[in-house]
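# Report on the structure
The primary structure of each chain is shown beneath.
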Amino acid sequence: MTTDGRQNGDLVGGLAKSTGSALYATDVLLPGMLHVRTLRSPHAHARIRSIDVSAARALPGVHDVMTFEDVPHFMVGENSGERQDKAILERTVRYVGDEVAVVAAVNEDVAQDAVDLISVDYEILPAVFDAMAAMDPSAPRVREDGNIARVPGTNIGNPIMGTPVVNRPVNTEWGEFVPTYLFEKGNPEAGLEQADIVLEREFRVSPMHGSSLEPRGCVAAWEGERLKVWDSTQKPFTVRSMLADLFDLPETQVQVIAEHLGGGFGTKENLQRYQPLAALLARRTGRPVKYWLTREEELLCTWMRYGCDFRIKVGARADGSLTALLMRNIANQGNGIYQNTFPVRVSGHQVMVLYNRCANSRFEGFCVYTNLPSSGGTRGFGRPELLFAVESTLDDLSYELGIDPVELRLKNTVRAGENLGDGFTVSSVALDKCLEEAADRIDWTRRNASPGQGQPAALKRGLGMAVAIHSGGNTFTDTESQLDLTPEGRILLSTGIPDIGTEQETTQRLMASRALGISTTFIDSRWADTDTCPHDFGIFSSSSTTSKGAATIEASRNFRRQLLGLAGDLWGRDAEGLKLRDGGVQECDGADARWLSFATLGREADRRGQPVRAIGRPQFPPRVGLFSFATSFVEVEVDTRTGTVRILRQVTALDVGRGINPPLLLGQTRAATIQGISYAMFEGLRFDGVERGVPLNGGFLDYKLPTVLDCPDIECFIVDSHEPLHPFGAKGAGELAMNPIAPAIANAIYNATGSRVRATPMLPSAVLDAASL
Amino acid sequence: MRLRCDEETIMQNIVVIHPESLEDAVQTAHEHGSEAKFYAGGQDLMYRLKRRIASNPKYLIHLPSLPDLSYISFDDVNGLRIGPLTTITALAQSEAVRTHYPALAEAAEAIASPQIRNVGTVAGNLCQQVWCPYLLEDYACSMNGGKYCPAAVGDNSGYHAIFRQKKCVAVHPSDLAPALLAMEAEVTVLGHTGKRMLSMEDLLPGIARVGEELKVNGLRTDEVLFEIQLPPPVPESRQTYRKSRSRQSWDFATVSVAAVLQLDGTDCTYARIVLGGVAAQPVRVHAAEAFLTSHRLDVANLIQAADLALESARPLALNAYKVDLAKALVQDTLEALAVGE
């Protein structure tokens, strides 16, 4: 057993995945199972006057049709613990693709034929697609309470960190409004007064989709009064509790299984409409029901990363120290909140943490309803969006001041132990090491001292960099891990987290084996089944290695004590001086050094009726923040005739504490980097924003993800750091590398050409536009 | 929004006809008129059928089961003959094509993805439909029963024309067509009344609406491509096909260029340059050709030739970048040919 990942070949899900026996929810086939197809709104905003499903019902093979008239009033949208916005089905449809009716039939084809037989009389309502346009008080109202989302309770007080939060209107070009989120520290206006230089910049980022390989869906089946759901979800326990609520059942009467997911990227959190619809159809028809989204539905009828309009204002002294940082985000929320508005909140808040040394800062986050698909959390969770704007502005600032962009970051970014206000602190920071080592690797001295200068050729090269922050895995405590000794002598590790594709079970088992002091070969894993696993919060927010891992380590230490105690009891001696070794308990002190196998201990525990079982919960001290940091350095070559950008080199350094399983960690980092490149240069959902709100690239043929031919070699590495809050010194890493990529590329383009690209995706047209400004 | 993807339903409603011969196929097509469509590789057709773009046909006339429609033959006197059902992969890998018509092989290799090239055919590539998101999303555009072109005033940043077009601003997506036009290819088509020869210009005359049908090629409803013929390569000439796209595989051309140059030292004695992805048909740029054959091939002149190639371009609101892209591509292509890369 080592900590350097030499056991990484020992993947918990490896054999099952490579042989095809791993159970994905879509693999579930049950006798008599019905299939669902959906009638979706062709209008961006309309009220259903009447709906006639008689012909659909009459079609042979159709078992049920449901409209808003047939479903209980139950909110599936969730924000800050409060349900809002989205009911299971509604009379008003708010975007092209909104659910109008669902059909359950013997197969998808019959269901689709039935969908085509439904006739709907719509009263078409005025619609608005652009978030800035929707800010205007005279704009069509997407939701009754106005177009600026209100988040109950979270704009006052600050449960995560010490940044002061205020609840008051701010001035905008459309009037005075209370933002969805308003964070303020110090006196930003006074900070601008103190500045030697003030820059103001605007940016726009396009909405993007997580693009999981596997679209969403579930199979729901009732066994009497018990509901069983195989779901492609990141949060099986949340789905369980909400479905139990819907059917007014005790939670133990609902079982949710989510062993393997074909990706998630944060977009498979929380309840969505398909799960309650499938469960209701199954209840009404008395048959198992499978409801799976098509690729087009997955892209357009779930949620996207926010499209945002940013305004950034920064003040600095001549020496580069920031005196004021003002950020405004007008984020396109789409038609309603599915998951929550946290990405906007967390991004604003954490950038204030990242630049905590700036005494005066403000973040105004407006989550604005429009008649587009919903927006929510997607890998990076708000931070790639805001950091694109902030890191681009700071790059401009560094050149305006004639200060090395790296120096500017070193001077202004947060240090370990620094006060964040209200006595909150940051636990560990090694961003300085990241900056120094990454700059060294790419040879930062090669950058153009003056952007775009001294390169007469059409192909210009340049270097750029950006820094990033991410939740370091959080200090969640709402999770448990459990270890059992089976009568056969196997150690069974139960966690509730689904395998989203990151082999988190392998990492959990590695941590258990290390805490126990035995090889992983004695440990079996069981996960993501609400019937057999202890409670868990789900797999999200890069939190599994840290928060979940702390639970697993705690459970393992407890389990080890119990095992040693049982062996000591059998030998009639104290557990002191015993250790786990070679699949059993070993005496270290006696001359004859006795040994008992786990099988013997398992049988004994079983005989006694006193199972060896340990449950661990993570514990973290209050008022300490756990954050990961990263920097990315990029070298590009820009064809200034065409705006085409080629990435020549890409180096990312991570401050993620100790790597538990570096090969898996770096694999995920490479993938996050590629997704970051894709965000920066390829992806952007486009809609007809004038007429109908129809998607113009709503399929993988037109929504262009990069191919392997488009990806450069990704260099990434972990710097030496240790996180004291985690028993093994680790911090979260799954999303982090996504966050600095887009601004690093934009800054490299600037260094190469002297042209600032202010929008994503940075397509050739955008690069040319920037050059002509 | 078209959010469905269920082949089976569609197949239930469509009769697949297996003809005895190509003559039988066109006779059948003639009998069913616009209710029938030919199926070659299915790579363009099936996607449109699944998404129910335009009205689905009642009959599919299945050509792959017919013998002897897939071949490539070459001789020095008559040049190259390509059977209509030859796959793109076969074309790209053909030794004769790679040796004598390398630009055609390059164009074939640049098409879509390996999977699509393995199944897609030469005839299908030439006869495919245009790719405008408004048309695909069933807007009532001027080609679909409406009065105006939403792409002309809306999002025209993608597969839209940079040369002036009336009614519809979509571009022809074929990679093979510009290369074939640059090589002076001709096609023989077969209809129920017999064969006729078409130039590439006649085969791809632009986009028009004829009755309920959107016409993107010069074939009559009952006609199929019978054979593609290329004259022997211009002696001592060099040729290449270059494609600019938003990603390096599985993508249509944003712009492309096919060029054939015959060089005598630094003089150009023959030039044929064709742009793809810029209009409803491949665009031969005569002005640039004439300029090249009357000027020395130095860098300044190549740049001027590239400028001339795009001289008459009139981009739409969001695709001016394609003019720059095309200019640079023409310049780079000509430079590469001039130095013999």
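Our subject is the structure listed above.
An account of the accompanying structure is given in this report.

Rules behind the numbers
- Residues numbered from 1 in each chain as written.
- Chains lettered and ligands numbered in written order.
- Predicted model: local features only at pLDDT ≥ 70, side-chain atom pairs only at ≥ 80, totals over all residues.
- Heavy atoms only, no water.
- Helix = DSSP H or I, 4+ residues; strand = E, 2+ residues; numbered from the N terminus.
- Rg over C-alpha atoms; globule rule 2.2 N^0.38 Å.
- Buried < 20%, exposed > 50% of the residue type's maximum accessible area, 1.4 Å probe, protein only.
- Contact = heavy atoms within 4.5 Å.
- Areas by Shrake-Rupley, 256 points an atom, 1.4 Å probe, with all protein chains shown as cover.
- Lys, Arg positive; Asp, Glu negative; His and termini not counted.
- Salt bridge = Lys/Arg side-chain N within 4 Å of Asp/Glu carboxyl O.
- Polar contact = N/O pair within 3.5 Å; in protein donor to acceptor, adjacent residues only side chain to side chain.
- Phe/Tyr/Trp six-rings, centres within 6.5 Å; stacked < 30°, edge-to-face > 60°.

## Let's talk about the overall build of chain A
Along the backbone of chain A there are 18 helices and 34 strands. Scaling as 2.2 N^0.38, a compact globule of 773 residues should have a C-alpha radius of gyration of about 28 Å, and chain A matches this with 27 Å. Along the first, second and third principal axes, the C-alpha atoms of chain A reach 80 × 75 × 50 Å. A buried classification covers 66% of the 773 residues belonging to chain A. Sequence-distant contacts in chain A: of pairs separated by 6 or more residues, those separated by 24 or more amount to 80%. Surface summary for chain A: the accessible area is close to 25,600 Å², and the carbon and sulfur share equals 49%.

## Some thoughts on the side chain of Glu 683 of chain A
Residue and element names in this part refer to chain A. By the element assignment, Glu 683 lies in the loop between α16 (662–681) and β34 (715–718). The side chain of Glu 683 is buried and forms no salt bridge, while Arg 305, the nearest opposite charge, is found at 7.5 Å. Here Ser 678 takes part through its side chain, which lies 2.5 Å from a polar atom of the side chain of Glu 683. Within polar-contact distance, the side chain of Glu 683 engages the side chain of Tyr 703 at 2.4 Å. Not counting residues up to four positions away in its chain, the partners in contact with Glu 683 are Ser 206, Met 208, His 209, Ser 211, Ser 678, Tyr 703, Lys 704, Leu 705 and Pro 761.

## Observations concerning the side chain of Glu 364 of chain A
Residue and element names in this part refer to chain A. As for its position among the elements, Glu 364 is in strand β20 (residues 361–369). Arg 362 provides the closest opposite charge to the buried, unpaired Glu 364, separated from it by 4.0 Å. If we skip the residues at most four places from it in the chain, Glu 364 touches Val 170, Pro 179, Tyr 181, Leu 182, Met 327, Arg 328 and Asn 329.

## Digging into the packing of aromatic side chains
Tallied over the full model, the rule gives 17 aromatic pairs over all chains. Each ring, one from Trp 444 of chain A and one from Phe 633 of chain A, has its centre 5.1 Å from the other, and the planes form 85°; the classification is edge-to-face. With a gap of 189 residues between them, Trp 444 of chain A in the loop between α12 (431–442) and β23 (459–471) and Phe 633 of chain A in strand β32 (residues 627–639) connect regions that are remote in the sequence. The burial state of Trp 444 of chain A is the same as that of Phe 633 of chain A; both residues are buried. Measuring from centroid to centroid gives 5.4 Å for Tyr 159 of chain B and Phe 252 of chain B, while their planes differ by 90°, and the two rings are edge-to-face. Residue Tyr 159 of chain B is located in the loop between α10 (150–153) and α11 (176–182), and its partner Phe 252 of chain B is located in the loop between β11 (237–244) and β12 (255–264); the two are separated by 93 residues in the primary sequence.

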